[in-house]
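# Structure assessment
Residues per chain, in single letters:
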Amino acid sequence: MTAIVEARGLWFAYEGGEPVLRNVTFAVEPGERVGILGPNGSGKSTLLWCLVGLYKPSGEVRLFGEPVHRKLLERVGIVFQNPEDMLFMPSLAADLCLPLLNRGVAPAEADRRAREALARLGLDGLASKDASSLSLGQRKRAAIAAALATSPELLLLDEPTAELDGRSARTLAAALLELGVTTLVTSHDLTFLGRIATRLLVLVEGEIAAAGPPEEILTDTTRLEAWGLL
Amino acid sequence: MRRLAGAGVLLMAALAAVMATDPAVLAALAAGAVLTNLAMAGRLASGLRRLAPILVFAGFLASLEWLGGAAQPRLALRTVAVFAFLVPAARLILWEELLTSRRPGSALFRIALFLLMVRHFTRVLAGEAWRLLIAQALAAPRKWRKGWWSSLVWALAALFRRALLRAERFYAAQLVRGIGP
């Protein structure tokens, strides 16, 4: 079976800087929810941007078995760390309908699918609201709904629980578990990743320091401490 | 010291571009400024990429001047020259050192502090703009199709709103720290 994400020997450095990613190799199989765990500045977000072609690393990235190209990104839902980056239209409904209308979906169908995506994330009744009037937890879920509206085959989430309180993080984890979409999520939130991930990759100083099931990685407190995660 | 002297020469050249009225002199200054940038960038492609926005803007200005009946695009040439001299000058100055070597409250200290704040805020805004425009391009990947224009307009409006909000927060933060009027 073709891997949904394949990264081989990725190296990346910002202009004039030290390498942020060092020989990163991994794959995400269909149906997996892979968590990229790492302390601040370990290269997690950079890795996500490299996977979708916003940064050009050396090495090889393949999505759905193909080298990354613009058209391929229509099969990917990307959720930014700050939901405000994604929710800039005058209402949640407009935010969710935009990618559908742009792809040629009829307005009535786009509206139906947008409302369905909002309902899946427990946001029914908020379609006409402006994102700025919602709580941060609601905005995070709305951003995921916006990514889901196009029925992506892969969901990429960048630090989804950043600045969220415990209850909102739990609600978000429950929502993600129900989706059943192949997911790659970056976070340093051990509890959240323990809830949702089927496999973890630990990224430390741009290198994959460990990989394995969450129950194995998250119980090794000595190594978690050494990685700066405890 | 050599860096500061180099920056001084570039600042003088920018001042000369502000004062010059002869189109030939302005053209020479603009060309010199562009070449200085390309030489400092090291690589031709990266130098041209950095200058592309100002060259596009200058092209727009030149077309407006032409539509307005001006025989020579003085304003466009001056814009390119001043901008392209100021950017490498700002890069040459070691702002942090300039700040720490001056007495707090002195005129040069205030100028350095103000310019450092402008630089910081510009970086914050550039980051905001980058993320917002990437999000818009991902949400409406098919250019010129339905929703592309309107989403671009809404994204820019959101950027403007956020710029005001960030500026307000930034100003408040400096005020709380005792820096400000």
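All figures in this text were calculated on a predicted structure; none of them were measured in a lab.

## Examining the overall build of chain B
When its secondary structure is counted, chain B shows seven helices and zero strands. Expressed along its principal axes, the backbone C-alpha trace of chain B runs to roughly 55 × 50 × 35 Å. When the 181 residues of chain B are sorted by exposure, 35% land in the buried category. Considering only contacts within chain B whose residues lie at least 6 apart along the sequence, 60% involve residues at least 24 apart.

## Here we look at the nonpolar core
Within the largest apolar cluster, 95 residues are counted, with the highest numbers of intra-cluster contacts made by A:Phe26, A:Leu51, A:Ile144 and A:Leu155. Among the elements that make up this core, the one with the highest residue count is helix H4 (residues 136–148) of chain A (seven residues). Look past the residues within four positions of A:Phe26 in its chain and what remains in contact with it is A:Val5, A:Glu6, A:Ala7, A:Leu47, A:Leu51, A:Leu184, A:Leu201 and A:Ile208. B:Leu10, B:Ala30, B:Leu92 and B:Leu98 belong to the second-largest nonpolar core, a separate cluster that totals 32 residues.

## Quick word on the interface of chain B and chain A
On the chain A side, the residues contacting the 24 residues of chain B number 24 residues. Carbon and sulfur atoms make up 59% of the surface buried where chain B meets chain A, a total of about 2200 Å² over both sides. The largest share of the area that chain B buries against chain A comes from B:Leu138, B:Arg142 and B:Lys146, three residues that together contribute 26% of it. Taken together, the connections running from chain B to chain A amount to four salt bridges. Summed over the shared surface of chain B and chain A, the number is nine residue pairs in polar contact (both at pLDDT 80 or more). Among the secondary structure elements, those contributing two or more residues to the side of chain B that touches chain A are helix H6 (107–139) and helix H7 (148–176) of chain B.

## A word on the sheet that holds strand S8 (residues 182–187) of chain A
Residue and element names in this part refer to chain A. With respect to topology, six strands assemble into an open sheet ordered S6-S7-S8-S3-S9-S10, the strand pairing being mixed. The sheet is open, and its two borders are formed by strand S6 (76–79) and strand S10 (207–212), each paired with just one other strand. Within this sheet the neighbouring strands show an average axis-to-axis angle of 15°, counted without direction. Here four bridges tie strand S3 (residues 33–37) to strand S9 (residues 199–204), and the two strands are oriented parallel to one another. Residue pairing in the sheet places glycine 35 in a bridge with leucine 200 of S9.

## As for the environment of A:Asp165
Residues and elements named next belong to chain A. Its place among the elements puts aspartate 165 in the loop between strand S7 (154–158) and helix H5 (166–179). A relative accessible area of 45% places aspartate 165 in the partly exposed class. Here the alpha-carbon distance between aspartate 165 and leucine 136, two residues 29 residues apart in the chain, equals 9.4 Å. Reaching out from aspartate 165, the side chain makes a polar contact with the backbone nitrogen of arginine 167 at a distance of 3.3 Å.

## Regarding helix H1 (residues 44–51) of chain A
A turn of α-helix holds 3.6 residues, and therefore any two residues three or four places apart point the same way. Residue and element names in this part refer to chain A. In terms of burial, H1 is a largely internal element, seven of the eight residues being buried. The set of residues buried in H1 consists of Lys44, Thr46, Leu47, Leu48, Trp49, Cys50 and Leu51. Of the residues flanking the end of H1, it is glycine 53, one or two places downstream, whose phi is positive at about 85°.

## Section: the pattern of salt bridges
Tallying each qualifying case throughout the model produces 20 salt bridges over all chains. In this structure, A:Arg62 and A:Glu60 form a salt bridge, with 3.0 Å as the shortest nitrogen-oxygen distance. Its relative accessible area of 24% is what places A:Arg62 among the partly exposed residues. Between B:Arg131 and B:Glu128 there is a salt bridge, with its nearest N and O atoms 3.8 Å apart. Placement of both B:Arg131 and B:Glu128 in helix H6 is noted, with a separation of three residues, approximately one turn of the helix.

## Some words on the pairing of strand S2 (residues 19–28) of chain A
Residue and element names in this part refer to chain A. Pairing of strand S1 (residues 5–13) with S2, which is carried by six bridges, proceeds in the antiparallel orientation. Note that in S2 the partner of leucine 10 across the bridge is valine 24. Between S1 and S2, which pair antiparallel in sequence order, lie five residues; one of them, glycine 16, sits at a positive phi of approximately 75°.

## Looking at the packing of H6(B) against H7(B)
For any two helices packed against each other, one specifies the inter-axial angle together with the distance between the axes. All names here are of chain B. Remark: H6 packs on H7, axes separated minimally by 10 Å, with the N-to-C direction vectors making an angle of 150°. As the angle between them shows, H6 and H7 are arranged roughly antiparallel. The chirality of how H6 crosses H7 is right-handed.

## With respect to helix H2 (residues 92–102) of chain A
Among the eleven residues that make up H2(A), nine are buried, leaving the element largely enclosed by the rest of the structure. Restricting attention to buried positions, one finds in H2(A) the residues A:Leu92, A:Ala93, A:Asp95, A:Leu96, A:Cys97, A:Leu98, A:Pro99, A:Leu100 and A:Asn102. Looking at the buried positions of H2(A), the neighbouring elements they touch are helix H3 (107–120) and H4 of chain A together with H6 and H7 of chain B.

## Describing the confidence of the model for chain A
Averaged over all residues, the pLDDT of chain A equals 92, while 100% of them reach at least 70. When the elements of chain A are averaged for pLDDT, H5(A) gives the smallest value, 87, and S3(A) the largest, 97.

## With respect to the environment of B:Phe57
As for its placement among the helices and strands, B:Phe57 is situated in helix H3 (residues 44–67). For B:Phe57, a relative accessible area of 42% translates into the label partly exposed.

## Overview of the sheet that holds strand S4 (residues 58–63) of chain A
Residue and element names in this part refer to chain A. Overall, antiparallel pairing links the four strands, which are arranged S2-S1-S4-S5 in an open sheet. Two strands in the sheet have a free side with no partner beyond their single neighbour: S2 and strand S5 (66–67). The pairing of S4 with S5 spans two bridges and is antiparallel. Residue leucine 63 lies in a different strand from S5, and its bridge partner there is glutamate 66.

What counts, and where the lines are drawn
Residues numbered from 1 in each chain as written. Chains lettered and ligands numbered in written order. Predicted model: local features only at pLDDT ≥ 70, side-chain atom pairs only at ≥ 80, totals over all residues. Heavy atoms only, no water. Helix = DSSP H or I, 4+ residues; strand = E, 2+ residues; numbered from the N terminus. Buried < 20%, exposed > 50% of the residue type's maximum accessible area, 1.4 Å probe, protein only. Contact = heavy atoms within 4.5 Å. Core = buried A, V, L, I, M, F, W, Y, C linked by side-chain atoms within 4.5 Å. Buried area = accessible area lost by both parts, 1.4 Å probe. Salt bridge = Lys/Arg side-chain N within 4 Å of Asp/Glu carboxyl O. Polar contact = N/O pair within 3.5 Å; in protein donor to acceptor, adjacent residues only side chain to side chain. Pairing = 2+ DSSP bridges. Axes fitted to C-alpha atoms, helices over the stretch in contact; angles between N-to-C directions. Parallel < 35°, antiparallel > 145°, perpendicular 65-115°, else oblique. Left-handed = near helix turned anticlockwise from the far one by under 90°. pLDDT = per-residue confidence, 0-100.

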